[in-house]
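Results of the structural survey
Letter by letter, the chains look like this.
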Number of protein chains: 2
Amino acid sequence: MLLLFCVMACLAPGPPAWSDPPPPFDFDTGYSPIEVIIPNVIPAIYQSVSANASDATLVLRVTALITNAWFDAIAPYHPTAVGVYSDLGRQPAAEHTQANQNVAILHASYPVLVSLLPQHEPEWRAMLLSVGLDPDNPAATAAGIGKAAGEAVVANRERDGMNQLGDEGGRKYNPQPYADYLGYKPVNTAYELRDPSRWQPGIVTRGNGIFQVQQFVTPQMRVTLPYSYDTPNRFSTPAPVKSRLRGAGGMRLYREQVDEVLAVSAALTDEQKMAAQLFDDKLLSLGFSTLHATFFNGLTLEEFVQYDFLVNVAAFDAAIAVWNEKYKHDAVRPFSAIPYAYRNRNVTAWGGPGVGTVTDLPSQEWRSFMPTADHPEYPSGSAAFCAAHAEASRRFFSGSDVLDWTVPFPQGSSRIEPGATPQSDIALQWETWTDFETDCGLSRLWGGVHFMDAITAGWDLGREIGGLAHDFVQAHIAGHPG
Amino acid sequence: MLLLFCVMACLAPGPPAWSDPPPPFDFDTGYSPIEVIIPNVIPAIYQSVSANASDATLVLRVTALITNAWFDAIAPYHPTAVGVYSDLGRQPAAEHTQANQNVAILHASYPVLVSLLPQHEPEWRAMLLSVGLDPDNPAATAAGIGKAAGEAVVANRERDGMNQLGDEGGRKYNPQPYADYLGYKPVNTAYELRDPSRWQPGIVTRGNGIFQVQQFVTPQMRVTLPYSYDTPNRFSTPAPVKSRLRGAGGMRLYREQVDEVLAVSAALTDEQKMAAQLFDDKLLSLGFSTLHATFFNGLTLEEFVQYDFLVNVAAFDAAIAVWNEKYKHDAVRPFSAIPYAYRNRNVTAWGGPGVGTVTDLPSQEWRSFMPTADHPEYPSGSAAFCAAHAEASRRFFSGSDVLDWTVPFPQGSSRIEPGATPQSDIALQWETWTDFETDCGLSRLWGGVHFMDAITAGWDLGREIGGLAHDFVQAHIAGHPG
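Rules behind the numbers
- Residues numbered from 1 in each chain as written.
- Chains lettered and ligands numbered in written order.
- Predicted model: local features only at pLDDT ≥ 70, side-chain atom pairs only at ≥ 80, totals over all residues.
- Heavy atoms only, no water.
- Helix = DSSP H or I, 4+ residues; strand = E, 2+ residues; numbered from the N terminus.
- Rg over C-alpha atoms; globule rule 2.2 N^0.38 Å.
- Buried < 20%, exposed > 50% of the residue type's maximum accessible area, 1.4 Å probe, protein only.
- Contact = heavy atoms within 4.5 Å.
- Lys, Arg positive; Asp, Glu negative; His and termini not counted.
- Charge placed at Lys NZ, Arg CZ, Asp CG, Glu CD.
- Phe/Tyr/Trp six-rings, centres within 6.5 Å; stacked < 30°, edge-to-face > 60°.
- Lys NZ or Arg CZ within 6 Å of the ring centre and 35° of its normal.
- Least-squares fit on C-alpha atoms with pLDDT ≥ 70 in both.
- Buried area = accessible area lost by both parts, 1.4 Å probe.
- Salt bridge = Lys/Arg side-chain N within 4 Å of Asp/Glu carboxyl O.
- Nonpolar A, V, L, I, M, F, W, Y, C, P; charged D, E, K, R; others polar.
- Pairing = 2+ DSSP bridges.
- Domains from an automatic or database assignment.
- Expected span 1.5 Å × (residues − 1).
- Bend = angle between axes of the 7 residues up to and from the residue.
- Polar contact = N/O pair within 3.5 Å; in protein donor to acceptor, adjacent residues only side chain to side chain.
- Axes fitted to C-alpha atoms, helices over the stretch in contact; angles between N-to-C directions.
- Left-handed = near helix turned anticlockwise from the far one by under 90°.
- Disulfide = S-S within 2.5 Å.
- Parallel < 35°, antiparallel > 145°, perpendicular 65-115°, else oblique.
- Core = buried A, V, L, I, M, F, W, Y, C linked by side-chain atoms within 4.5 Å.

Counting its secondary structure elements, chain A contains 14 helices and six strands. Relative to the globule expectation of 23 Å for 482 residues, the C-alpha radius of gyration of chain A, 22 Å, shows essentially globular dimensions. Structurally, chain A occupies a C-alpha span of about 75 × 50 × 45 Å along its principal axes. A total of 482 residues make up chain A; the buried ones form 62% of that total. In chain A, of all internal contacts separated by at least 6 residues, the share reaching a separation of at least 24 is 75%. Within chain A, the 51 negative side-chain charges are centred at a point lying 12 Å from the centre of the 32 positive side-chain charges.

Here's what the structure looks like:
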């Protein structure tokens, strides 16, 4: 019942309001990740990491490390499982209770959350106290196990390559958490597209008159420690030939993919606009589909923790490989390529919020329906995350592709066109995980942030890594991590 | 009494909390700008324009246009005054009441606020309704006068060069309010200081792992319409010779001013740190000193409106001239010059929040105590604004230099070093306007964002414009705007 309550709340579009006082938590029957932890973590991520949960590398690392702590914390209560970063022995079968699992999960979350989101430390403390646990005094065995599991995740992950502490590259003073320490420099400036095949940082604003230039977010994701493989160099994506002006197809292919983005932009439906918004938000798309599948399949707490960690490993490890490829190909985004291909000419496309399709849009005034994120174009991260997530889900659910997820969008609930889009209440439905990954990938074309080839490449890369993530988590469940 | 209440609340450091329910507004004796309008405008500016009110061009234009509307709205209730953008006749002497002035001021504010901060429109409406005025139905004569005065300010200022509507440069779709439409491009990138004399955009973050590159904020301020002179080209500042490596002094002078910034950084006192924070915030420094002087000198409502408009003209017109010079000189900031002058060497300086002075700071890890704003260094805007403000104040108060302003800072109230600075409760005091402008200018050296020569140049430029602003406003009060 509680799970149903939460899932229903979670599926509402937009950042959910957690204003209703939650019912008291029942350790024997409850799901602490869903009822206690996620409702506290989601607002903290929206507030302190990413306002729309669209900054994938930063958001996914937070959720991966938290679910990692849960998995490791309850491994001692499973017949065979071992943690990724701790091996805390095996508790007697009589101790394999949901109450002990919940205690371990909550105590494991605390050190990880304090490490990742230290500015919210009072909230993490209050979160444990709200269910009667004292973060400073893990008296029960389960509490000690949880605390040790969480601390081991922190110890192994604080220096995983992402520069969480801000001192990588030998920095001694004024730490810069998550700053690039490998020295990526774009070949293009925001003002001049010197090489029309390569990434150009965009100019962004929060609408207050301050404009800033994008910087490639966390390029060091490519050297960050994966869970399920040794090095992202084992993967490769085909070169983005249509973006390569010096290639065989030259301007013809370059314009071909530009024209595809423009044609989509000119014919956007309400369904496409809302899908683009949903899949831009990694918590709403990846996170809430996980909760839906958990409820739909009636998972136990233990199964949920294993499944949630699995899909997080899948997306996180996909992100590392995607960033490795993004860095390598350094490909141009549509917002740069469109004015290059149609210099000083008008195009037919979406004319901006509330304006609809116009036929006299100066190419340099085109904008993508969704904001274009701050990293090179090829391959699509979202396509890869969703494919990894879908493949991991299919594997976890014994090959079943059934998803059966419906997300309602009330009239006017668009963030880009508030009040106007969608024109009436609509609902998007995904019958299968294959539908989910397909629409997720395509939504990046609808959103105007990707060319089609980047989406195809993302799907392929993600699907492969989803399988590796499954093997990795299953090996830990079986107690043979290899 | 109400005025005293507000001024006391205003003088608390940090964005003030307006949580106490205000007493009902008395039209016959009250000061609607201070009791009704400012308490609503301040949070809107902090929220939607500039989180620390440090983005001077954007903040000052908002306050200048609002005070302009107040001035124009009550001109018909003065024996001789005429508005800047409207001449609405002269009301009979019997109508020259404070109640009519308040009604006119409130109705004049509404269209200006809706134009400048349209996302807060419901608040502006509620603000008028809260004192019994209907923004849609300006029935009384005073209401009609106010509305007409406000609308004239909007009509004359929407296209004053600042690109408020976002369509300057012929833009047809996707308006970009306040975007540069003149095409400024920095010669340096954030990654390479090609010319160590010229401005380099900094890399900034809100601490969430996203880093962005600065863009020169509103370079079009230099072509924006001034109030008190025809063109900023009539002013000039001496060249920033110490920043010019190719000049006579070369590296010796370059390092001389770098060393001055480092020496100050290494010896920062609590008083300097809190002054740097106060003067960084244009609402707290310029705005609240105005309120203090109003109370201290017992100004009538009419005198307050004239004085507040005067100091706003002074700072706004100073900003136009400063931006003209900043664009011309395009000078390097300390954060770039320090690592250039001490490449791969350690320096002695402030080592970051809570760290104090250290002797082994790698020069590239130095940071300014206050964040360095997103525009070229020379001359100092703050020094110019404060000097213009001080000179205008001296002229308005018949040559008196007396200010007598004390601002308390509780222990630990620093935004940069919360909890730690100041080490105990302190108070800063400015006996005279001369002290105020001196400390304001020097605070930019203490804050590490300016070299000394930029401050001197700012003072000189600002003082001259403060006098022009006085002449301009006095001519409008006398009814001979010329």
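That covers the picture; the talk isn't over yet.
Turning our attention to the packing of aromatic side chains. Taken as a whole, this structure holds 44 aromatic pairs over all chains when the rule is applied. Note on Tyr227 of chain A and Phe316 of chain A: the rings are 5.8 Å apart at their centroids and 65° apart in plane angle, and the pair reads as edge-to-face. Within this pair, whereas Tyr227 of chain A is found in the loop between strand 2 (211-214) and helix 7 (250-266), its partner Phe316 of chain A is found in helix 10 (residues 301-329), the two being separated by 89 residues in sequence. On the accessibility criterion, Tyr227 of chain A (7% relative accessible area) is buried. A centroid spacing of 4.7 Å and a plane angle of 85° characterise the contact between Tyr229 of chain B and Phe235 of chain B, whose relative ring orientation is edge-to-face. Exposure class is identical for Tyr229 of chain B and Phe235 of chain B. Each is buried. Within the aromatic cluster, the residues linked to one another by ring pairs are Phe71, Tyr85, Tyr227, Phe309, Phe316 and Phe472 of chain A. Across the ring face of Tyr327 of chain A, the terminal group of Arg222 of chain A is positioned such that the distance to the ring centre comes to 3.5 Å.

The subject of this paragraph is the environment of Ser130 of chain A. Among the structural elements, Ser130 of chain A can be located in helix 5 (residues 121-130). Considering only alpha carbons, one finds Ser130 of chain A and Glu35 of chain A, 95 residues apart in sequence, at a separation of 12 Å.

Another aspect to go through is unusual backbone geometry. The bulk of non-glycine residues show a negative phi, and the bulk of peptide bonds are trans. Between Tyr378 of chain A and Pro379 of chain A the backbone carries a cis peptide bond, its omega angle lying at -5°. One can find Pro379 of chain A in the loop between strand 4 (357-362) and helix 12 (381-396).

Relative to chain A, chain B is turned by 180° and slid 0.0 Å along the rotation axis, the superposed coordinates differing by an RMSD of 0.0 Å. As the rotation angle and translation indicate, the two copies are arranged about a two-fold axis. Across chain B, the smallest distance between a C-alpha and the rotation axis is recorded for Val213 of chain B, namely 2.4 Å. Comparing interface residues between copies, 100% of those in chain B also sit at the interface in chain A, which points to an isologous, same-surface contact.

This part is about the interface of chain B and chain A. Counting from both sides, the interface comprises 42 residues of chain B and, opposite them, 42 residues of chain A. When the buried surface of chain B facing chain A is broken down by residue, Tyr173, Tyr191 and Phe211 of chain B rank first, second and third, together holding 21% of it. The tally of links between chain B and chain A comes to two salt bridges. Its salt-bridge partner being Asp360 of chain A, residue Lys172 of chain B comes within 3.4 Å of it at the nearest N-O pair. Take the side of chain B that touches chain A: its biggest share by element is four residues, from strand 4 (residues 357-362) of chain B. Residues of the side of chain B that touches chain A, tallied by class, amount to 21 nonpolar, eleven polar and ten charged. In this structure, strand 2 of chain A lies alongside strand 2 (residues 211-214) of chain B, joined through three bridges in antiparallel fashion. Each bridged residue has a counterpart across the sheet, and for Gln214 of chain A the counterpart in strand 2 of chain B is Gln212 of chain B.

This next bit is on the domain arrangement of chain A. All names here are of chain A. Its domain assignment divides chain A into domain 1 (2-157) and domain 2 (221-478). Taken over C-alpha atoms, the centre of domain 1 sits 27 Å from the centre of domain 2. Facing the 47 residues of domain 1 at the interface are 43 residues of domain 2. Here domain 1 and domain 2 share an interface that buries about 3800 Å² over both sides, 72% of which is from carbon and sulfur atoms. Between the two partners, domain 1 and domain 2, sit zero salt bridges. When residues of the side of domain 1 that touches domain 2 are traced back to their parent elements, those giving at least two are helix 1 (2-10), helix 2 (32-48), helix 3 (56-74) and helix 4 (98-116). Examining the composition of the side of domain 1 that touches domain 2, we find that 13 residues originate from one element, helix 3, more than from any other. Residue composition of the side of domain 1 that touches domain 2, grouped by class: 30 nonpolar, 14 polar and three charged.

Moving on: helix 9 (residues 282-296) of chain A. All names here are of chain A. With 15 residues, helix 9 should cover 21 Å at 1.5 Å per step; its first-to-last C-alpha distance of 20 Å lies within 8% of that length. Largest kink in helix 9: about 25°, centred on Phe288. Among the 15 residues in helix 9, twelve count as buried, and that is most of the element. When we look at burial in helix 9, the residues that qualify are Lys282, Leu283, Leu284, Ser285, Leu286, Phe288, Ser289, Thr290, Leu291, His292, Ala293 and Thr294. The opening residue of helix 9, the one whose side-chain oxygen lies 2.9 Å from the backbone nitrogen of Leu283, is Asp281. At the exit of helix 9 stands Gly298, carrying a positive phi of roughly 60°.

Attention now moves to the packing of helix 10 of chain A against helix 12 of chain A. Residues and elements named next belong to chain A. Across the interface, helix 10 lies against helix 12 with an axial gap of 8 Å and an inter-helix angle of 145°. Both helix 10 and helix 12 take part in a crossing whose hand is right-handed. Each of Glu303, Gln306, Tyr307, Leu310, Val311, Ala314, Ala315, Ala318, Ala319, Val322, Trp323 and Lys326 in helix 10 lies in contact with helix 12, whose residues at this interface are Gly381, Ala384, Phe385, Ala388, His389, Ala392, Ser393 and Phe396.

Here a disulfide denotes a covalent bond joining the sulfur atom of one cysteine to the sulfur atom of another. All names here are of chain A. Enumeration according to the criterion identifies two disulfides over all chains in this entry. In this model, Cys386 is linked to Cys440 through a disulfide, with the two sulfur atoms separated by 2.1 Å. What sets the handedness of the Cys386 and Cys440 disulfide is the S-S torsion sign, and at about 70° it is right-handed. Remark: Cys440 occurs in helix 13 (residues 433-446) and Cys386 occurs in helix 12; sequence separation between them is 54 residues. Exposure remark for Cys440: the relative accessible area of 0% places this residue in the buried category.

Our focus in this paragraph is the environment of Trp199 of chain A. With respect to the helices and strands, the residue Trp199 of chain A is situated in the loop between helix 6 (141-157) and strand 1 (203-205). Within the structure, Trp199 of chain A has its side chain in polar contact with the backbone oxygen of His375 of chain A (distance 3.4 Å).

This paragraph deals with the packing of helix 9 of chain A against helix 12 of chain A. Residue and element names in this part refer to chain A. Two numbers describe how helix 9 lies on helix 12: the axes approach to 11 Å, and their chain directions differ by 5°. When the interaxial angle is binned, helix 9 and helix 12 end up roughly parallel. Contact with helix 9, carried on its side by Lys282, Leu286, Ser289 and Thr290, involves Ser382, Phe385, Cys386 and His389 of helix 12 and no other residues of that element. Within the contact of helix 9 with helix 12, the residues separate by chemical class into three nonpolar, four polar and one charged.

Residue and element names in this part refer to chain B. Inspection of the sheet shows strand 3 (residues 346-350) paired to strand 4 by four bridges, in the antiparallel sense. When the sheet's bridge partners are listed, Ala349 is paired in strand 4 with Val358. Hairpin connection, strand 3 to strand 4: the antiparallel pair is bridged by six residues, and Gly352 has positive phi, about 115°.

To continue, consider the nonpolar core. Judged by nonpolar contacts, the single largest core of 149 residues is most densely connected at Tyr227, Tyr307, Phe385, Trp430 and Phe436 of chain B. Split by domain, this core shows at least three residues from each of two domains, domain 1 (2-157) and domain 2 (203-478) of chain B. Counting residues in each nonpolar core, the second largest holds 148 residues, with Val154, Phe309, Val332 and Ile465 of chain A among its members.

Here the focus is the pairing of strand 5 (residues 402-409) of chain B. Residue and element names in this part refer to chain B. Only one face of strand 5 is covered, namely the face carrying Leu403, Trp405, Val407 and Phe409; the face carrying Val402, Asp404, Thr406 and Pro408 is uncovered. Alignment of strand 5 against strand 6 (residues 426-432), held across six bridges, turns out to be antiparallel. Across the sheet, Pro408 pairs through a bridge with Ala427, a residue of strand 6.

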